[in-house]
Every structure is written in C-alpha cells, then in structure tokens.
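Listed here are the chains, written in short residue letters.
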Amino acid sequence: MKRTLIKETPQLVGQTVTLKGWVNVRRDHGKIVFIDLRDRTGLVQVVLVPELAKDFHTEDVIAITGIVKQRPEKLVNPNIETGTIEVEAKETELFSKAAELPFDMGKETLEVELPTLLDYRSLTLRHPKVQAIFKVQAVVIDAFRKALQAKDFLEFQAPSIISAVPEGGAEVFRVKYFDHEAYLSQSPQLYKSLLVTAFERVFSVNHIYRAEPSVTTRHLTESTSLDAEFGFIESWEEVQEMEEYVVRFIFDEVNSRCAKELALYNATIPLISEKIPVIKLRDAQEIIFQRTGRDVRAEKDLAPEDEREICAWAKEEKDSDLVFVSHFLTKKKPFYVHPDPADPTYAYSVDLLCRGVEWSSGGQRLSDYQTIVNNVHEWGLSEKGIALYLQAFKYGSPRLGGFALGAERITMHILGLKNIREATMFPRDMERIDVRLSTLE
RNA sequence: GGGGCUGUAGCGCAGUUGGUUAGCGCGUCUCCCUGUCACGGAGAAGGCCGCGGGUUCGAGUCCCGUCAGCCCCGCCA
C-alpha cells in the first residue's frame, strides 16, 4: 500500500493508511499499546493490540497499516500536531530492528553531553530537537541564496584546493598535490573578487578550512562560509547596507519558516532595529572605556570581551542585537583591503557582531591594479600564486566590495546554542574528525 | 601555547571531615496494567569510582604523574 506521511493523517479521518517510520516511544498498558511513530514530517500516536505491537522498541523501523480515528475531545493531545487523531493499527511490519540504545531517544530533549552527542552523531541526528537545528541552518543558507538571487547575484562554486596562501594570518592545511604542495582554501575571497570583474555580482556557499590551533566554542577547522561580492559600489557603506539587507532577509525567512524550530529552543530571532548601528573601531573602544573603565583604546582589534561589551551597548542604547564595527586597522587586514583615504591607517572594513560574537567580516576592496601589486609586495606575498587574481584587475575592474557570513555561527546564535559544534552536523576540530582522533591511535 | 574545572553503571548526575555493603533519575530485562502521550506500579541485572603510583590502619574522597574531556584566554581569511 502507498505510504502516507504522518503530517497528512489529521486530514484522513476514517481512512485506512500505511505509515512508515521509526518507533519514537512505546507505552505498554497490557491489553493496549501506544506507539509514537516518527517520520520526517512528525509524530503520531498509534494504538495497537499487544499482538500487533510485537516487541517493537525505540528506533525500530516499522510500517503500520491502520485506520485514522478522531480522538475523543478529552484525549486530544495539544502538544503534537497530529494530537486530534490517532491511528488504530490493523497490520504491522518490522523493517529493521534497532540495537539497544546508548541513551534515551524518546525524550523531548536529548540529555547528553557534547562528546556523546558527537560520538553517536548518526543516532542523535534522528532526534527532532537536534533536527530542528539543521532545519534552521538549511533555511539560513536558502535565505542567503534567495536574498542575493533577488539582487541579481550569480552563484558560483569556489575551489578548495589552492596553490598559494594569499591571506597570511590564519594557519592553513597543507595537502600533498602530486609532486607539489597545495593548500586548503581559507576563504573564496580572491575568487569572488576576481569574478566581480567578470560577472559584477556573485555569491557562494562554500566550505572553508582553517588550521588554527583554536579550541573554543565558536571555532571549527571546517566551516560553511556564505560569501557575497559585488561591483560598481559608490562606497563601503553600500557593502554594509547590502549585508544588512541579507541578514534581515535571513531573519524574516527563519521567522516565517521555522516557528516550530524556534519554539523548541525557546529562541527568538536577534533583535534588529530599523537601522543596524554602525560604529568605528576607535569609537567602539571609546565607548567600552566610558562604560567599563577598561582602556582598550590603543588595541588593534576587539577582544572577545570587547565584542560582548559593544553588543551590550548596542542592545541597551540602540535596541539592537546587531552592530557593525568598521574601520579596523589596515595593517591588521589582508593586502586587498581598501584604506580610508581620510586616514589610511584605518580600512574600509566592516565586521558584523551579533549577541557578543563576530558573525561576518567584509568591506571595500582595492580595485586599482598598481595599488594591489604594491600591496602584495608590502605584505610580503608572491605574485605568482595569485596571478589570476592580479590579472583580473590588470584588465579593468569596477570599485568592489563584499562580505562573508558564517552559517554555523548564525545558526548557533539564532537558537542560543552554547557550542558551535552543536550547529554543525559533522564538526571537525583539533581533536575530532567524526571520531575522536585519540581513539584511532 | 597559558589558565581553570571535570572523569563514579549504557546516558545524566550525587557521594559530608578519609571509615564498614557504592547511591539517585532515565534507559535495559522480567512481571502487572484498555486511554496513556516524558504513562504508571512491583522486582532484577548492571561498577577495577579513567589509568599508574604515593600518603594512611583504611582512599571514590588527600597528594604526584598520566590519559581523556569541557570552559576561559591567546591565536583567528
């Protein structure tokens, strides 16, 4: 018989249906047995006689053929979407038996610590509350695409294998590449910029790789970067405005498409004011000094503590969970960053902070060929490995800029997760590639 | 790389100033239960207290080492 999805059952009262899915939980009452069956669309209560319930256990994969029945009013369960009905089983079939579970899967919340959550990833990804994280993430990424497609951006696939390290700063993974050495890309930055000279407006959803020896709650060695870049801008503010539009678009989509998922985490979309406040690094540091007495005014960057403080300021003073910080030090940024002509010490760069953490960085890029070449030398880089990038600007380029958002960080902060690994299906860090590396020795 | 904290049953945890037989909840197994929905009730199994050494009459508890994990800082296109 044709399979019916669980979410369809409330509309099929009186009909015989075949449901296929996993046993979420079994409640045995002797002469009557209840099974909450789970498929990708939801949960439904199945009523069975013991003979049909067999020895079904949590996570067994089964099929149930039965009649959809309206529940009497006093038996309605308002907590599940199919709570007005139940399915009275007439026939059951076991597809696949589940081994004894290492923890309780039938609970509303998985009560496991992070290492257990990841050690049993194939299993924990079945849990509805865990799945909610990745539904939100899928919507975030989809909304990013939709927002930029609506502005006529072209999606491209950036390469992961690169021949030279143009950025400096972050550590890179080396890979053996036949007789040569290559690297894993830390960013599609140079590709998206050079593509602007061909397509004007481009974006990409790519994995990026960082060999930073960082063990924190917000760093991964492999993560998903949402990149956008576009040309013919008038100023760096246009980049910041485009980013604001994209972030707002993402929030709207998540709000309208993920109400259920947000509710599971008791989460609310970050508060976004009519206009996200934009503040220069030095002004931000002055504000921190005024608020806390902590003098960070000579620092070259914001420490995590500073990022939290400036977010607190934005929240209290500007009614916004988000805040842009601009004009970082040119020398702390990569060679392609565009200095502010008014004071070249500072750059047309802009980070987006949300709920205490950096969500993105972006800004205006250099577009003048000779200036770029000079900077390549000044930054101590080699022209050879980035020849294609330089070529793009040699043959004419519009004024350009762009930004990159971290998909996992957005997901994490929307849902209020404490560790970015929770917002990553298969997180890689210094100690883990699917399994703990220490277990492989 | 620096600092802090934690390793006790499958999972999540408690365990007093060092004291006799190692505790709780969930899960698992057996039995009972026709209206539960995190069902309930009765019973049972399940532990080299991460590992190694030390102090002590006596160590889950104190000390040293080691391994594993978590958090903070640093680093972070």
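Computed from a predicted model, the values in this text were never measured in an experiment. (Residues numbered from 1 in each chain as written. Chains lettered and ligands numbered in written order. Predicted model: local features only at pLDDT ≥ 70, side-chain atom pairs only at ≥ 80, totals over all residues. Heavy atoms only, no water.)

Draft legend 1. How the structure looks around the environment of Tyr 265. Within the fold, Tyr 265 resides in the loop between α7 (259-264) and β12 (278-280). According to the relative accessible area criterion, Tyr 265 is buried, its value standing at 18%. In this structure, the C-alpha to C-alpha distance between Tyr 265 and Ala 132, residues 133 residues apart in sequence, is 8.9 Å. Aside from chain neighbours lying at most four places away, what touches Tyr 265 is Lys 129, Val 130, Ala 132, Ile 133, Leu 415 and Leu 417. Looking at Tyr 265, its side chain comes within polar contact range of the main-chain oxygen of Lys 129, at 2.5 Å. (Helix = DSSP H or I, 4+ residues; strand = E, 2+ residues; numbered from the N terminus. Buried < 20%, exposed > 50% of the residue type's maximum accessible area, 1.4 Å probe, protein only. Contact = heavy atoms within 4.5 Å. Polar contact = N/O pair within 3.5 Å; in protein donor to acceptor, adjacent residues only side chain to side chain.)

Draft legend 2. Local environment of the packing of aromatic side chains. Taken as a whole and judged by the stated rule, the model has 10 aromatic pairs. Measuring from centroid to centroid gives 5.5 Å for Phe 103 and Tyr 120, while their planes differ by 85°, and the two rings are edge-to-face. Here Phe 103, found in the loop between β5 (85-96) and α2 (114-119), pairs with Tyr 120, found in the loop between α2 and α3 (121-124); they are 17 residues apart in sequence, far enough to count as distant. By relative accessible area, Tyr 120 is classed as partly exposed at 38%. Ring geometry for Phe 144 versus Phe 203: centroids 5.8 Å apart, planes at 80°, classification edge-to-face. Highlighted residues: Phe 144 in helix α4 (residues 128-149) and Phe 203 in strand β10 (residues 201-209), separated in sequence by 59 residues. Given the relative accessible area of 0%, Phe 144 is considered buried. Members of the aromatic cluster, joined through ring pairs, are Phe 335, Tyr 336, Tyr 389 and Phe 393. (Phe/Tyr/Trp six-rings, centres within 6.5 Å; stacked < 30°, edge-to-face > 60°.)

Draft legend 3. Representation of the nonpolar core within the structure. Formed by 58 residues in total, the largest nonpolar core has its most connected members in Phe 144, Leu 226, Ile 250, Val 254, Leu 405, Ile 414 and Leu 415. Elements represented by at least two residues in this core include exactly α4, β10, β11 (222-231), α6 (236-257), β13 (322-326), β16 (349-354), β18 (400-406) and α12 (407-415). For this core, the element with the most residues is α4, which contributes 12 residues. When residues no more than four places from it in sequence are discounted, the contact partners of Leu 226 are Val 140, Ile 141, Phe 144, Ser 204, Val 205, Phe 403, Ala 404, Leu 405, Ala 407 and Ile 410. (Core = buried A, V, L, I, M, F, W, Y, C linked by side-chain atoms within 4.5 Å.)

Draft legend 4. Main features of the sheet that holds strand β9 (residues 180-184). The three strands lie next to each other as β7-β9-β8, forming an open sheet whose pairing is antiparallel. Of all strands in the sheet, those with a lone pairing partner are β7 (161-162) and β8 (174-177), marking the two edges. Where β8 and β9 come together, four bridges link them in antiparallel fashion. Within β9, the residue paired with Lys 176 across the bridge is Glu 181. (Pairing = 2+ DSSP bridges.)

Draft legend 5. Up close: the environment of Gln 149. If you trace the backbone, Gln 149 turns up in helix α4. Between the C-alpha atom of Gln 149 and that of Arg 201, which follows or precedes it by 52 residues, the distance is 9.6 Å. Leave out the neighbours within four places in its chain, and Gln 149 touches Glu 155 and Phe 203.

Draft legend 6. Quick look at unusual backbone geometry. At Arg 355, a position not held by glycine, the phi torsion is positive, near 50°. By secondary structure assignment, the location of Arg 355 is in the loop between β16 and β17 (357-365). The residue Asp 434 is not glycine, and still its phi comes out positive at about 65°. Within the element layout of this structure, Asp 434 appears in the loop between β20 (432-433) and β21 (435-436).

Draft legend 7. Summary view of the domain arrangement of chain A. What the domain assignment reports for chain A is domain 1 (6-96) and domain 2 (121-440). Computed from C-alpha coordinates alone, the two centres of domain 1 and domain 2 are separated by 45 Å. For the domain 1 and domain 2 pair, buried surface summed over both sides reaches about 390 Å², with 41% attributable to carbon and sulfur atoms. Counting every contact that joins domain 1 to domain 2 gives two salt bridges. With a shortest N-O distance of 3.2 Å, Glu 81 and Lys 260 are connected by a salt bridge. At the junction of domain 1 with domain 2, the criterion picks out two residue pairs in polar contact (both at pLDDT 80 or more). (Domains from an automatic or database assignment. Buried area = accessible area lost by both parts, 1.4 Å probe. Salt bridge = Lys/Arg side-chain N within 4 Å of Asp/Glu carboxyl O.)

Draft legend 8. How the structure looks around the pairing of strand β15 (residues 343-347). Alignment of strand β14 (residues 339-340) against β15, held across two bridges, turns out to be antiparallel. Note on β15: the bridge partner recorded for Asp 340 is Asp 343.

Draft legend 9. Main features of the pattern of salt bridges. Across all of its chains, the model carries 35 salt bridges by this definition. Lys 192 is the salt-bridge partner of Asp 227, the closest N and O atoms lying 2.6 Å from each other. Here Lys 192 lies in helix α5 (residues 189-199) and Asp 227 lies in strand β11, a separation of 35 residues in the sequence. Take Lys 192: its relative accessible area is 1%, and that puts it in the buried class. When the shortest N-O distance is used, the salt bridge between Glu 316 and Arg 291 registers 3.3 Å. With Glu 316 in helix α9 (residues 304-318) and Arg 291 in helix α8 (residues 281-292), this residue pair connects regions lying 25 residues apart in the sequence. Taking relative accessible area as the criterion, Glu 316 reaches 55% and is therefore assigned exposed. For Arg 291, a relative accessible area of 30% puts it in the partly exposed group. If you follow the salt bridges from partner to partner, you end up with Asp 142, Lys 146, Glu 253 and Arg 257 in one network.

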